[in-house]
Amino acid sequence: MKHSTFLFGLLAAILSLLSVQTAQAGDKLTISDASTSLNAYSSGSAGRQGAYQITKIFDGIKNTSTNDNTSTNKFWSDDVPAVGDWVKVTLNDTYYVDQIKLYFTTSATDKPAAADLEVSVDDNNWEKVANFTGDEISDANNYTIDKSFAQQRAKYVRMKVTQAGTGWLQLSEFEVYGGQTIKVSTTFHYDAGGTY
């Protein structure tokens, strides 16, 4: 009995170490924070000072239909993003992720010419999971980048510019989707001698 209790305790400890937050395939994951290497545009118009902050990319409002400064449900940079500039979101926990959606505005120029999509568990080591070009951000795709990929464990997800565009950056929404975790199977063997 003592042997059995010890093994069950050991199993529980191992499973707790292996635990990771799960989500069903297609679930939109909760973003707790966002940051960027870029500065936000600060409009001089009354009532819109500081209106284009990076936190707008996870407010749940997808406004891709306008590129004028009357709409504030977006991040708007104050300069052209250079190669290496990034926009990053932090998930509320570590998940297996398999899809990223970016919603840009209808501006013909306020987008990168090319960018990578990357994931990380520690905000230090990054793995590229997809890439896109500015040509994909068009009316034909509703100004949306939608990339699916093999499941990757992640807490941080970012868009990193690999080729500068000609305009600033207008990004309305950044979404990350989760898939089922990779299953871990454990087999216990018991023999007549009472050992496991």
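Structure first, text after, so check above.
What you see as residue numbers is a count from 1 along each chain, following the sequence as written. It should be noted that, the model being predicted, local features are given only for residues of pLDDT at least 70 and side-chain atom pairs only at 80 or more, the latter also being counted only at that level, while totals for whole chains, interfaces and linings use all residues. Remark: hydrogens and water are excluded; side-chain values derive from all non-hydrogen atoms of the structure.

Peer 1: Sorry if this is basic, but what is going on with the overall build of the protein chain here?
Peer 2: The secondary structure listing takes helices from DSSP runs of H or I that are at least 4 residues long and strands from runs of E that are at least 2 residues long, numbered from the N terminus. When its secondary structure is counted, the protein chain shows one helix and eight strands. Helices and strands appear in the protein chain in the N-to-C order α-β-β-β-β-β-β-β-β. Whether a residue is buried, partly exposed or exposed follows from its accessible area with a 1.4 Å probe, protein chains only, as a fraction of its type maximum: under 20%, in between, or over 50%, in that order. Scored against the burial criterion, the 196 residues of the protein chain give a buried share of 42%. For this analysis, residues touch if any pair of their heavy atoms sits within 4.5 Å. Excluding contacts between residues fewer than 6 apart, the proportion of contacts in the protein chain whose partners are at least 24 apart in sequence is 78%.

Peer 1: Help me understand the environment of Ala-115 in this model?
Peer 2: When you line up the elements, Ala-115 lands in strand β5 (residues 114–120). Taking the C-alpha atoms as reference points, Ala-115 and Met-159, 44 residues apart in sequence, are found 6.4 Å from one another. Contact partners of Ala-115, with chain neighbours within four places excluded, come to Asn-131, Phe-132, Met-159, Lys-160, Val-161 and Thr-162.

Peer 1: How should the pairing of strand β4 (residues 86–104) be read in this particular structure?
Peer 2: In regular strands, side chains alternate between the two faces of the sheet. Counting buried positions along β4 gives 16 out of 19 residues, so the element sits mostly inside the fold. Being paired, for any two strands, means DSSP has found at least two bridges between them. Relative to strand β7 (residues 144–163), β4 runs antiparallel, the two being bridged by 13 bridges. Of the residues in β7, the one forming a bridge with Gln-99 is Ser-148. As judged from the seven bridges shared by β4 and strand β8 (residues 170–178), these two strands associate in the antiparallel manner. Residue Val-97 lies in a different strand from β8, and its bridge partner there is Gly-178.

Peer 1: Can you walk me through the packing of aromatic side chains in this structure?
Peer 2: Each pair of aromatic rings is reported with the distance of its centres and the angle of its planes. When the centres of two rings from Phe, Tyr and Trp lie within 6.5 Å, Trp using its six-membered ring, the rings pair. Their planes under 30 degrees apart give stacked, over 60 give edge-to-face, and anything left gives tilted. Within the structure shown, the criterion is met by five aromatic pairs. Considering the side-chain rings of Tyr-41 and Trp-76, the 4.9 Å spacing of their centres and the 55° angle between planes classify their relative orientation as tilted. Taken together, the positions of Tyr-41 in the loop between β2 (31–36) and β3 (75–76) and Trp-76 in strand β3 put the pair 35 residues apart, joining distant regions of the chain. One aromatic cluster in this structure is built from Tyr-41, Tyr-52, Trp-76 and Trp-168.

Peer 1: Looking at this structure, how should I read the environment of Gln-99?
Peer 2: Assignment of secondary structure puts Gln-99 in strand β4. Gln-99 sits 71 residues away from Lys-28 along the chain, and the two C-alpha atoms are 9.2 Å apart. The contact partners of Gln-99, leaving out residues within four places of it in the chain, are Asp-146, Lys-147, Ser-148, Phe-149, Glu-175, Val-176 and Tyr-177. Of note is the side chain of Gln-99, whose polar atom sits 2.8 Å from the side chain of Asp-146. By the criterion applied in these results, polar contacts are pairs of N or O atoms within 3.5 Å in which, for protein atoms, one can donate a hydrogen and the other can accept it, and in which residues neighboring in sequence qualify only through two side-chain atoms.

Peer 1: What is the right way to read the nonpolar core from this model?
Peer 2: What tends to happen in soluble globular proteins is that the nonpolar side chains get buried as a cluster. Remark: nonpolar core denotes a set of buried residues (Ala, Val, Leu, Ile, Met, Phe, Trp, Tyr, Cys) joined through side-chain atoms within 4.5 Å. The biggest cluster of nonpolar side chains holds 32 residues, and the ones touching the most others in it are Ile-57, Val-97, Leu-102, Phe-104, Phe-132, Met-159 and Phe-174. Breaking this core down by element, the ones donating at least two residues are β2, β4, β5, β6 (127–133), β7 and β8.

Peer 1: Is there a simple way to think about the pattern of salt bridges in this case?
Peer 2: Where charged atoms from two side chains of opposite charge approach closely, those side chains can pair. Basic side-chain nitrogens of Lys or Arg form a salt bridge, by our definition, when they fall within 4 Å of a carboxyl oxygen of Asp or Glu. Counting across every chain of the model gives six salt bridges. Note that Lys-28 is salt-bridged to Glu-175, the shortest N-O span being 3.5 Å. Of this pair, Lys-28 sits in strand β1 (residues 27–28) while Glu-175 sits in strand β8, and the two are 147 residues apart along the sequence. The exposure class assigned to Glu-175 is buried, which follows from its relative accessible area of 2%. With a shortest N-O distance of 3.0 Å, Lys-88 and Asp-123 are connected by a salt bridge. Here Lys-88 is found in strand β4, whereas its partner Asp-123 is found in the loop between β5 and β6, with 35 residues between them in sequence. Classification of Asp-123 as partly exposed rests on a relative accessible area of 32%. Here the residues in one salt-bridge network are Lys-28, Lys-62 and Glu-175, joined through shared partners.

Coordinates in, geometry out; function isn't part of it.
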